[in-house]
Amino acid sequence: MNATLGGGPADTAARWRAALRRVPLWGVVLAVTALVAWVAFLADDTPAGPATQDPGQFLVTVLDAVTFAGLLFVAASGFTLIFGLMRTVNMAHGSLFLLAAYIAIRVQESMVGRSRNIEPGQVGVLDWVVPMLAGAGVAAVAGLVIQQLFLQWNEGQELRQALMTLALTVVLADQMLREFGGLAQTMVWPGAVTHFFSVQGERYPATRLFILGVAALVGLLLWLWLTRTGTGMVIRAGVDDREMVRGLGINIKLVFAVTFFVGSFLAGVGGVLGASFAGAAPGTDGNWLLNSLVVVIIGGLGSLRGAAAGSLLYGTVVAFSPAYLPSEYSYYAIIMTFVLLALVLAVRPYGLFGRPA
């Protein structure tokens, strides 16, 4: 029957992947050239206009893409460690993100001595860094508790882990709503970074470059930890062959607990950056969980460079789509994210730098 009808969905998907892989290099170059030509010369009826006519708007869009990619990377890097390297499905990642944001906001208000209408000039660097560390620390401890109580004993059972952590997400969301209320709250940037500079006549906030700097620091420290330390090497070896690592006398459970702690801490750092960038409110956790999932799926499970590449691609699509789609079609910008996801998975089913689990 399948032969008569041309095969099932799996066969159809395989044929699409094979067809896309057969696309010659010149076809890819032609597509990229067409996109560059559109942005540079032909995008007249778009919100941003051709880059050659308005280079300032183009550069601002590029900076938006790169800095938003930095925020995505910080938020997704912890998810990459937990989901990608450890193969542990933690759907409560977004809840840790939001919890850290709320805790940091409360600590900042306590340090500044005001609960509302805080101005950046009233916030010193320590009034931002200390709350960030406090919020990320709480998220790390909460994540470790989740791992020890709920996830450690059912390793390899992805569906059970997903259902358990989804249930925890609902519980945590209700408790955060009760404790912190339903109104949006904002983590205030320190006054030292809240200024603007000129980009080809366009004003651009320095806070976004601060986000990019934090992302670069996080990426560097993670890379050094995973590739230049004994713990990082044990983590990567434990993912590939846990029994062999155990046979060498290494406490793999302790190593994975440390990894989960670090991953949850990074979720908290992303939460504080996100609360400073766009605020924190009920529902933010689900949005950033989805963002992290998209980044990890595009980049590939267990790959730090994949997380960086996925963040950059995702950030570029998010920034350029509303700016350079024709004005009458700009409301389709959100769809371009799913187009990116579909194209990457059609060609690379395991992500750009991923490999079969």
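Note that the structure is a prediction, hence the values are computed from the model and not measured.

Quick notes on the rules
- Residues numbered from 1 in each chain as written.
- Predicted model: local features only at pLDDT ≥ 70, side-chain atom pairs only at ≥ 80, totals over all residues.
- Heavy atoms only, no water.
- Helix = DSSP H or I, 4+ residues; strand = E, 2+ residues; numbered from the N terminus.
- Contact = heavy atoms within 4.5 Å.
- Areas by Shrake-Rupley, 256 points an atom, 1.4 Å probe, with all protein chains shown as cover.
- Expected span 1.5 Å × (residues − 1).
- Polar contact = N/O pair within 3.5 Å; in protein donor to acceptor, adjacent residues only side chain to side chain.
- 1 Å grid on protein atoms, 1.4 Å probe; cavity = no way out; pocket = protein on both sides within 12 Å on 5 of 7 lines; lining within 4 Å.
- Points joined across faces, edges and corners; volume = space filled by probe spheres on them.
- Nonpolar A, V, L, I, M, F, W, Y, C, P; charged D, E, K, R; others polar.
- Phe/Tyr/Trp six-rings, centres within 6.5 Å; stacked < 30°, edge-to-face > 60°.
- Buried < 20%, exposed > 50% of the residue type's maximum accessible area, 1.4 Å probe, protein only.
- Lys NZ or Arg CZ within 6 Å of the ring centre and 35° of its normal.
- Axes fitted to C-alpha atoms, helices over the stretch in contact; angles between N-to-C directions.
- Parallel < 35°, antiparallel > 145°, perpendicular 65-115°, else oblique.
- Left-handed = near helix turned anticlockwise from the far one by under 90°.
- Pairing = 2+ DSSP bridges.
- Salt bridge = Lys/Arg side-chain N within 4 Å of Asp/Glu carboxyl O.

Trainee: Can you explain the overall build of the protein chain? Please cite residues and give values.
Mentor: Of regular secondary structure, the protein chain possesses 14 helices and two strands. Within the protein chain, contacts between residues at least 6 apart in sequence are counted, and of these 74% link residues at least 24 apart. Approximately 17,600 Å² of the protein chain is accessible, and the part contributed by carbon and sulfur atoms is 68%.

Trainee: Could you give an account of helix 13 (residues 304-324), with specific residues and numbers?
Mentor: Helix length check: helix 13 (21 residues) gives 30 Å between terminal C-alpha atoms against 30 Å at 1.5 Å per residue, within 8%. Regarding helix 13, its N-cap is Ser303, as a side-chain oxygen of that residue lies 2.9 Å from the backbone nitrogen of Gly306 further along.

Trainee: Please set out empty space enclosed by the protein residue by residue, giving values where relevant.
Mentor: Counted according to the given criterion, the structure contains one cavity of 30 Å³ or more. The volume enclosed by the largest cavity comes to roughly 50 Å³. Considering the residues around the largest cavity, the lining is formed by Met86, Thr88, Gln147, Leu151, Gln152, Glu155 and Phe256. Among the residues making up the lining of the largest cavity, the classes are represented as three nonpolar, three polar and one charged.

Trainee: Which residues make up the packing of aromatic side chains, and what values do they have?
Mentor: Enumeration over the complete set of coordinates arrives at 13 aromatic pairs. Judged by centre distance (5.2 Å) and plane angle (50°), the rings of Phe79 and Phe83 are tilted. In this pair, Phe79 and Phe83 both sit in helix 4 (residues 55-85), four residues apart, roughly one turn of the helix. Classification of Phe79 as buried rests on a relative accessible area of 1%. Where Tyr102 meets Phe180, the ring centres are 4.5 Å apart and the plane angle is 15°; that geometry is what we call stacked. Of the two residues, Tyr102 sits in helix 5 (residues 93-112) while Phe180 sits in helix 7 (residues 158-180), which places them 78 residues apart along the sequence. Look at Tyr102 and you get buried, because its relative accessible area is 1%. Here a set of aromatic residues connected by ring pairs shows up, and it is made of Phe68, Phe97, Phe277 and Trp288. Directly above the ring of Phe196 sits Arg203, whose terminal nitrogen or CZ lies 4.1 Å from the centroid.

Trainee: Which residues make up the side chain of His93, and what are the values?
Mentor: In this structure, His93 sits in helix 5. At a separation of 2.9 Å, a polar atom in the side chain of His93 contacts the main-chain carbonyl oxygen of Ala75. What His93 contacts, discounting residues up to four positions off in sequence, is Ala75, Gly78, Phe79, Gly263, Ala267, Leu289 and Ser292.

Trainee: Can you tell me about the packing of helix 5 against helix 7, naming the residues and giving the values?
Mentor: As a packed pair, helix 5 and helix 7 sit with axes 10 Å apart at the nearest point and diverge in direction by 20°. By the angle class used here, helix 5 and helix 7 are roughly parallel. Like other packed secondary-structure pairs, helix 5 and helix 7 cross with a definite hand, here left-handed. Of the residues in helix 7, those touching helix 5 at Ser95, Leu98, Leu99, Tyr102, Ile103 and Arg106 are Thr169, Leu172, Met176, Glu179 and Phe180. Considering only residue class, the contact of helix 5 with helix 7 consists of seven nonpolar, two polar and two charged.

Trainee: Residue-level account of the pairing of strand 2 (residues 202-205), with values.
Mentor: Remark: a regular strand shows side chains that alternate across the two faces of the sheet. Note that strand 1 (residues 196-199) and strand 2 share four bridges and pair antiparallel. Within strand 2, the position partnered with Phe196 by the bridge is Pro205.

Trainee: Got a sec to walk through the environment of Leu266? Specific residues and values, please.
Mentor: Relative to the assigned elements, Leu266 resides in helix 11 (residues 252-278). A relative accessible area of 8% places Leu266 in the buried class. Sequence separation between Leu266 and Gly137 is 129 residues, and the spatial gap between their C-alpha atoms is 9.3 Å.

Trainee: Lay out helix 12 (residues 284-299) in plain terms, naming residues and giving numbers.
Mentor: The end-to-end C-alpha distance of helix 12, which contains 16 residues, comes to 23 Å, matching closely the 22 Å that a straight helix rising 1.5 Å per residue would cover. In terms of burial, helix 12 is a largely internal element, 12 of the 16 residues being buried. Listing the buried residues of helix 12 in full gives Thr284, Asp285, Trp288, Leu289, Asn291, Ser292, Leu293, Val294, Val295, Val296, Ile298 and Gly299. Immediately downstream of helix 12, the backbone of Gly300 shows phi near 110°, a positive value.

Trainee: Please set out the pattern of salt bridges residue by residue, giving values where relevant.
Mentor: According to the stated counting rule, one finds two salt bridges in the structure shown. The closest approach of N and O atoms between Asp64 and Arg208, which form a salt bridge, is 3.6 Å. Here Asp64 is found in helix 4, whereas its partner Arg208 is found in helix 8 (residues 206-228), with 144 residues between them in sequence. Residue Arg208 is classed as buried on the basis of its relative accessible area, which comes to 15%.

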